[in-house]
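Report on the structure
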Amino acid sequence: MKILLIILTLFFGWGSFAQSLKGKIMESNGTEIPFAKVRIQNTSYGTVANVEGHYVLDLKRGTYVIQFDASGFNTTFDTVVISQTNTFLDVRLDSYIQE
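Below is a summary of the structure that appears in this document. Quick caveat, the model's predicted, so the values are computed rather than measured.

1. A look at the sheet that holds strand β3 (residues 46-48)
An order of β3-β2-β5-β6 is seen for the 4 strands of this open sheet, with the pairing classed as antiparallel. Single-partner strands in this sheet number two, and they are β3 and β6 (76-82). Strand-to-strand twist in this sheet, taken as the mean axis angle between neighbours without regard to direction, amounts to 20°. Here 4 bridges tie strand β2 (residues 37-40) to strand β5 (residues 62-69), and the two strands are oriented antiparallel to one another. Paired with Val38 across the two strands is Phe68, which belongs to β5.

Encoded structure:
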C-alpha cells in the first residue's frame, strides 16, 4: 500500500509541470541570441537559452508575465497563458544603444 501511494504521489506531482513555454530568442534581424535569460517577472524562477537561442521553461497552467533579457539588448516582457498544451513564443530583442 505504501508503494502504491508513493507511485501515485510521484505520478501526479510530475503532472503538475506537464506544460512548457518554448521558443527562440533573436535579434531584430533574426540572428539568435545565445544564453539570453528567461524568467517569470518578479521571481527568481527561470532558465537560460542555449547557444542557438532556444529555451524551455516548465510551468503550471496559468497566466504569467515573462521577462526576456540579454546583455546589450533591451529587456522585453510578454504575457503568456499556459494551458494543457505546450505554448510557443519566439521573441525578438532590440539592441541597447548607448549614446
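2. Quick look at the packing of aromatic side chains
Inspection of every chain in the model, using the stated rule, returns 1 aromatic pair. Relative to Phe68, the ring of Tyr55 lies with its centre 5.7 Å away and its plane at 65°, an arrangement referred to as edge-to-face. Within this pair, whereas Tyr55 is found in strand β4 (residues 54-59), its partner Phe68 is found in strand β5, the two being separated by 13 residues in sequence. Phe68 matches Tyr55 in its accessibility class, with the two residues each being buried.

3. Quick notes on the nonpolar core
Leu21, Ile25, Tyr55, Ile66, Phe68 and Leu93 are the most contacted members of the largest nonpolar core, which has 20 residues in total. Listing elements by their share of this core, those giving two or more residues are β1 (19-27), β2, β4, β5, β6 and β8 (91-93). When near neighbours in sequence (up to four residues on either side) are disregarded, Ile66 contacts Leu21, Val38, Arg39, Ile40, Leu57, Thr76, Phe77, Asp78 and Val80.

4. Some words on the side chain of Gln67
Within the secondary structure, Gln67 is located in strand β5. Separated by 3.1 Å, the side chains of Gln67 and Asp69 make a polar contact. Setting aside its immediate chain neighbours within four residues, Gln67 contacts Lys37, Val38, Arg39, Gln41, Thr75, Thr76 and Phe77.

Calculation rules
- Residues numbered from 1 in each chain as written.
- Predicted model: local features only at pLDDT ≥ 70, side-chain atom pairs only at ≥ 80, totals over all residues.
- Heavy atoms only, no water.
- Pairing = 2+ DSSP bridges.
- Helix = DSSP H or I, 4+ residues; strand = E, 2+ residues; numbered from the N terminus.
- Axes fitted to C-alpha atoms, helices over the stretch in contact; angles between N-to-C directions.
- Phe/Tyr/Trp six-rings, centres within 6.5 Å; stacked < 30°, edge-to-face > 60°.
- Buried < 20%, exposed > 50% of the residue type's maximum accessible area, 1.4 Å probe, protein only.
- Core = buried A, V, L, I, M, F, W, Y, C linked by side-chain atoms within 4.5 Å.
- Contact = heavy atoms within 4.5 Å.
- Polar contact = N/O pair within 3.5 Å; in protein donor to acceptor, adjacent residues only side chain to side chain.

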